[in-house]
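The lines below spell out each chain.
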Amino acid sequence: MTAFEHELAAWGPDSPCFQGTDAPVSLDEAHAYCRRIALGHYENFPVVSWALPRDLRPHFYNVYAFCRWADDLGDEIAGAERSLHLLAWWRSQLVECYQSIQQTGEEESSASTPRLHPVFIALTPTIVKYNLPQTAFDDLIQAFEQDQHVNEYQTFEELLSYCQRSANPVGRLVLHLCEAVSPETLAWSDSICTGLQLANFWQDVARDFAMGRIYLPREDYEQFGYTRAQFERHEFNASFQNLMAFEVARARQYLLDGVPLIAQLPGRLQVDIDLFLRGGLKILDHIERQQFNVWKQRPVVSRFEFGVLLFQSLLRRVSGRNR
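Residues numbered from 1 in each chain as written. Predicted model: local features only at pLDDT ≥ 70, side-chain atom pairs only at ≥ 80, totals over all residues. Heavy atoms only, no water.

Turning to the overall build of the chain, a few remarks are in order. In terms of regular secondary structure, the chain is built from 16 helices and zero strands. Here the chain holds 323 residues, and 54% of them are scored as buried. Partitioning the contacts of the chain with sequence separation of at least 6, the portion at a separation of at least 24 is 72%. (Helix = DSSP H or I, 4+ residues; strand = E, 2+ residues; numbered from the N terminus. Buried < 20%, exposed > 50% of the residue type's maximum accessible area, 1.4 Å probe, protein only. Contact = heavy atoms within 4.5 Å.)

Put into structure tokens, the structure is as follows:
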């Protein structure tokens, strides 16, 4: 069994805690569970840096734990049908969570609901405190459901539509946690999140293709003279190089267009958001430095580079350069 299969056995819909035989975890235990999930995953860079205000960290952990579970239900489950079944269960948990809040109006409502998963027990006070929209969470679930039956995108517009559900809701939830929601900040956040998602796609071309997915739009790779047969062979040539140079430049522009958001955020929150943005740019820099050959090597941001980026973000914060 994989690590997530063990997790699913312990906390999935068929586990004893959802059969009425076990008591639910306490709120403190649920918070500890989400913290463990958030700190146990290293992706391109940590979910939360020490620069994030301490009182906000548990709320970031709770939101991340929701996303991590939804992502794993979409990607770590054998068979699209079973994955869709489990994602439907995850949505039912979300609906039950919000219904519980509406019925009681109390942050403790989830603690008295045995059927709620630990993630939702922890997430309930966060939803109440920051008025997090249910639609943002549901959009993320929709994106993971889409992954089960859409394996390739014909146009860039189709891919952008996917990003609106797979990436942008995360930024919108973060804006609620930062209490910085406005039409301008939402637009900048969407730009950053779309740019980060695109950077991740271009970073993972080989990995995604191994899973049967192509996020490079067909209209783009055909425009540059790259063929599906060449995808099958993982062929690196001038066409692929020019294609990736085009896609990297496009992703970089989305990230740069979102830079004005940073100055609109309160205090130390500027550091974390700047760090995420610069991390995305660093991935794109790595792709460029390896001559866009993502078939040969997956570009990653090292822990040392993360430390440098964090230091630079702190300097920008101190000097006011983010403004």
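Here the focus is the side chain of Gln-197. Within the fold, Gln-197 resides in helix 9 (residues 183-203). For Gln-197, a relative accessible area of 13% corresponds to the buried category. Residue contacts for Gln-197: discarding those within four places in its chain leaves Tyr-162, Cys-163, Ser-166 and Ala-167.

A turn of α-helix holds 3.6 residues, and therefore any two residues three or four places apart point the same way. When helix 7 (residues 156-166) is considered as a whole, its buried residues turn out to be Phe-156, Leu-159, Leu-160, Tyr-162, Cys-163, Arg-165 and Ser-166. Packing partners of the buried residues in helix 7 comprise helix 6 (134-146), helix 8 (168-178), helix 9, helix 11 (218-223) and helix 13 (238-257).

Right, let's get into the pattern of salt bridges. Taken as a whole and judged by the stated rule, the model has 19 salt bridges. One salt bridge in this structure joins Arg-91 and Glu-145, with 2.6 Å as the shortest N-O distance. Placement of the pair is Arg-91 in helix 4 (residues 80-104) and Glu-145 in helix 6, with a sequence separation of 54 residues. Since its relative accessible area comes to 16%, Glu-145 is described here as buried. Each of Glu-152, Arg-218, Glu-222, Arg-228 and Glu-232 takes part in one network of salt bridges that share partners. (Salt bridge = Lys/Arg side-chain N within 4 Å of Asp/Glu carboxyl O.)

Once that is clear, we can look at unusual backbone geometry. The phi dihedral of Glu-179 is positive, around 55 degrees, even though this residue is not glycine. Assignment of secondary structure puts Glu-179 in the loop between helix 8 and helix 9. A relative accessible area of 66% means that Glu-179 is categorised as exposed.

This part is about helix 4. With 25 residues, helix 4 extends 36 Å from end C-alpha to end C-alpha; this agrees with the ideal 36 Å at 1.5 Å per step. Within the span of helix 4, buried status applies to Ser-83, Leu-86, Leu-87, Trp-89, Trp-90, Gln-93, Leu-94, Glu-96, Cys-97, Tyr-98, Ser-100 and Ile-101. (Expected span 1.5 Å × (residues − 1).)

Where two aromatic rings form a pair, the distance of their centres and the angle of their planes describe that pair. Scanning the model with the defined rule gives 25 aromatic pairs in all. Their ring planes at 45 degrees and their centres at 5.5 Å tell us that Phe-224 and Phe-246 sit as a pair that is tilted. Taken as a pair, Phe-224 in the loop between helix 11 and helix 12 (228-232) and Phe-246 in helix 13 lie far apart in primary sequence, 22 residues in all. Note on Phe-224: relative accessible area 23%, which makes it partly exposed. Residue Phe-246 is classed as partly exposed on the basis of its relative accessible area of 32%. When the ring of Phe-231 is compared with that of Trp-295, the centres are 5.9 Å apart and the planes differ by 80 degrees; the resulting orientation is edge-to-face. (Phe/Tyr/Trp six-rings, centres within 6.5 Å; stacked < 30°, edge-to-face > 60°.)

The next point concerns the side chain of Asn-237. The topology assignment puts Asn-237 in the loop between helix 12 and helix 13. Among the polar contacts listed, one links the side chain of Asn-237 to the side chain of Glu-235, at a separation of 3.1 Å. Polar contacts involving the side chain of Asn-237 include one to the main-chain amide nitrogen of Phe-240, which spans 2.9 Å. Every residue in contact with Asn-237, bar those within four places of it in the chain, is listed here: Tyr-226 and Gln-230. (Polar contact = N/O pair within 3.5 Å; in protein donor to acceptor, adjacent residues only side chain to side chain.)

This part is about the packing of helix 9 against helix 15 (residues 269-289). Two numbers describe how helix 9 lies on helix 15: the axes approach to 9 Å, and their chain directions differ by 30 degrees. Between helix 9 and helix 15 the crossing geometry is left-handed. Residues Ile-192, Leu-196, Ala-199, Trp-202 and Gln-203 of helix 9 touch helix 15, and the partners they reach there are Phe-276, Leu-277, Gly-280, Ile-283, Leu-284 and Ile-287. A breakdown of the residues in the contact of helix 9 with helix 15 according to their chemical character gives nine nonpolar, two polar and no charged. (Axes fitted to C-alpha atoms, helices over the stretch in contact; angles between N-to-C directions. Left-handed = near helix turned anticlockwise from the far one by under 90°. Nonpolar A, V, L, I, M, F, W, Y, C, P; charged D, E, K, R; others polar.)

What follows is about the nonpolar core. Core analysis: the largest hydrophobic core is formed by 93 residues, its most contacted members being Phe-66, Trp-69, Trp-90, Trp-202 and Leu-216. Per-element tally for this core: the top contributor is helix 3 (residues 57-75), with 10 residues. Dropping the residues within four chain positions of it, Trp-202 is found in contact with Leu-159, Tyr-215, Leu-216, Pro-217, Met-244, Glu-247, Val-248, Ala-251, Leu-284, Ile-287 and Val-294. (Core = buried A, V, L, I, M, F, W, Y, C linked by side-chain atoms within 4.5 Å.)

The next thing to look at is the environment of Ala-245. As for its position among the elements, Ala-245 is in helix 13. Residue classification places Ala-245 among the partly exposed residues on the basis of a relative accessible area of 28%. Sequence-wise, Ala-245 and Leu-284 are 39 residues apart; in three dimensions their C-alpha atoms are separated by 9.6 Å.

Another aspect to go through is the environment of Ala-143. Take Ala-143: it is sitting in helix 6. Judged by relative accessible area, which is 0%, Ala-143 ranks as buried. For the pair formed by Ala-143 and Asp-71, sequence separation is 72 residues and the distance between their alpha carbons is 9.3 Å. Among all residues touching Ala-143, those that are not within four sequence positions of it are Tyr-162, Arg-165 and Ser-166.

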